[in-house]
Amino acid sequence: MIDLLRLCAFNAAYAQAIDNDELERWPSFFAERCLYRITNVENEREGLPAGIVYADSRAMLEDRIAALREANIYERQRYRHLLGIPVVASADAGGAVATTPFLVARIMATGETMVFASGEYRDRFVLAGDQLLLAERVAVCDSTVTDTLLALPL
């Protein structure tokens, strides 16, 4: 059974991988066939499926990290995630559906720190053996304005 504590631990490890610049670990939180999307609250309310970021497989997530490391040029930065407690809509032996509020601070190389994004994760989790994985994570940002420096995953 997937319980609240397990979802909290999963989200903490997910955020830690991003915040500690262990981005190569990030795709391992997802099932092979998955959906990862970053969008905003207005697009989500209107049912617009396109997002700021869209990936429909773990391989696409791995490609995104490879591009960040090898090809993309962006100002050096770090994130620090502050996560709320998941609200579980449903859970059983095979999976769970939950929403989790997030706040992400961005720390630039200069030390400047700002609130970068706030919103909620809308998640569908699955169990693969004993491993909890994301089948779907939609990061719905509260702001309709997207910073052009959105490089790292939320």
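Residues numbered from 1 in each chain as written. Predicted model: local features only at pLDDT ≥ 70, side-chain atom pairs only at ≥ 80, totals over all residues. Heavy atoms only, no water.

Looking at an unreviewed UniProt entry, one finds the protein named Terephthalate 1,2-dioxygenase and attributed to Ramlibacter pinisoli. Checking UniProt for the protein, the heading Sequence similarities (unreviewed entry) contains the comment "Belongs to the bacterial ring-hydroxylating dioxygenase beta subunit family." (UniProt positions renumbered as here; feature names shortened; annotations may be inferred.)

Student: It is not clear to me how the side chain of aspartate 19 should be interpreted in this structure. Could you clarify?
Tutor: For aspartate 19, the location among the structural elements is in helix α1 (residues 4-19). With relative accessibility at 3%, the residue aspartate 19 sits in the buried group. Of note is the side chain of aspartate 19, whose polar atom sits 2.7 Å from the side chain of histidine 81. Excluding anything up to four places from it in sequence, aspartate 19 contacts Arg78, Tyr79, Arg80 and His81. (Helix = DSSP H or I, 4+ residues; strand = E, 2+ residues; numbered from the N terminus. Buried < 20%, exposed > 50% of the residue type's maximum accessible area, 1.4 Å probe, protein only. Polar contact = N/O pair within 3.5 Å; in protein donor to acceptor, adjacent residues only side chain to side chain. Contact = heavy atoms within 4.5 Å.)

Student: Sorry if this is basic, but what is going on with the pattern of salt bridges here?
Tutor: Where charged atoms from two side chains of opposite charge approach closely, those side chains can pair. Under the definition given, this model contains 10 salt bridges. As a salt-bridge pair, glutamate 32 and arginine 58 come within 2.8 Å of each other at their nearest N and O atoms. In this pair, glutamate 32 is assigned in strand β1 (residues 30-40) and arginine 58 in helix α3 (residues 58-70), connecting sequence segments 26 residues apart. We classify arginine 58 as buried; its relative accessible area is 16%. Between glutamate 44 and arginine 37 there is a salt bridge, with the nearest N and O atoms lying 3.1 Å from each other. Taken together, the shared-partner salt bridges connect Arg37, Glu44, Glu120 and Arg122 into one network. (Salt bridge = Lys/Arg side-chain N within 4 Å of Asp/Glu carboxyl O.)

Student: Honestly, a nonpolar patch on the surface in this entry has me stumped. Any pointers?
Tutor: Judged by side-chain polarity, Leu4, Ile85 and Val88 come together as a nonpolar surface patch covering roughly 250 Å² of accessible area. By secondary structure assignment, the location of valine 88 is in strand β4 (residues 87-91). Judged by relative accessible area, valine 88 falls into the partly exposed class, the value being 36%. (Patch = residues over 30% accessible without salt bridge, like charges linked within 9 Å, V, L, I, M, F, W, Y side chains within 5 Å. Areas by Shrake-Rupley, 256 points an atom, 1.4 Å probe, with all protein chains shown as cover.)

Student: I tried to follow the packing of aromatic side chains on my own but got confused; where do I start?
Tutor: Where two aromatic rings form a pair, the distance of their centres and the angle of their planes describe that pair. Taken as a whole, this structure holds 10 aromatic pairs when the rule is applied. Relative to phenylalanine 125, the ring of phenylalanine 10 lies with its centre 5.2 Å away and its plane at 90 degrees, an arrangement referred to as edge-to-face. Of the two residues, phenylalanine 10 is situated in helix α1 and phenylalanine 125 in strand β6 (residues 113-128); the sequence distance between them amounts to 115 residues. For the residue pair phenylalanine 10 and phenylalanine 125, the accessibility class agrees, reading buried in each case. In textbook terms, an aromatic cluster arises when at least three aromatic residues are bridged by ring pairs, as seen for Phe10, Tyr14, Trp26, Phe29, Phe30, Tyr36, Phe102, Tyr121 and Phe125. Across the ring face of tyrosine 14, the terminal group of arginine 137 is positioned such that the distance to the ring centre comes to 4.3 Å. Over the face of the ring belonging to tyrosine 121 we find arginine 137, whose NZ or CZ atom lies 3.8 Å from the ring centre. (Phe/Tyr/Trp six-rings, centres within 6.5 Å; stacked < 30°, edge-to-face > 60°. Lys NZ or Arg CZ within 6 Å of the ring centre and 35° of its normal.)

Student: Help me understand the nonpolar core in this model?
Tutor: Judged by nonpolar contacts, the single largest core of 34 residues is most densely connected at Tyr14, Trp26, Phe30, Tyr36, Phe102, Phe125 and Leu154. Contributing elements (two or more residues each) for this core: α1, β1, β2 (53-55), α3, β5 (95-108), β6 and β7 (131-141). When residues in this core are grouped by element, the largest group, five residues, is from α1. Setting aside residues no more than four positions away along its own chain, tryptophan 26 makes contact with Tyr14, Ile18, Tyr36, Leu61, Ile65 and Pro153. (Core = buried A, V, L, I, M, F, W, Y, C linked by side-chain atoms within 4.5 Å.)

Student: Got a minute to help me understand the environment of serine 28 in this structure?
Tutor: Looking at where serine 28 falls in the secondary structure, it is placed in the loop between α1 and β1. You can call serine 28 partly exposed: its relative accessible area is 36%. The spatial distance from the C-alpha of serine 28 to the C-alpha of leucine 61 is 9.2 Å, given a sequence separation of 33 residues.

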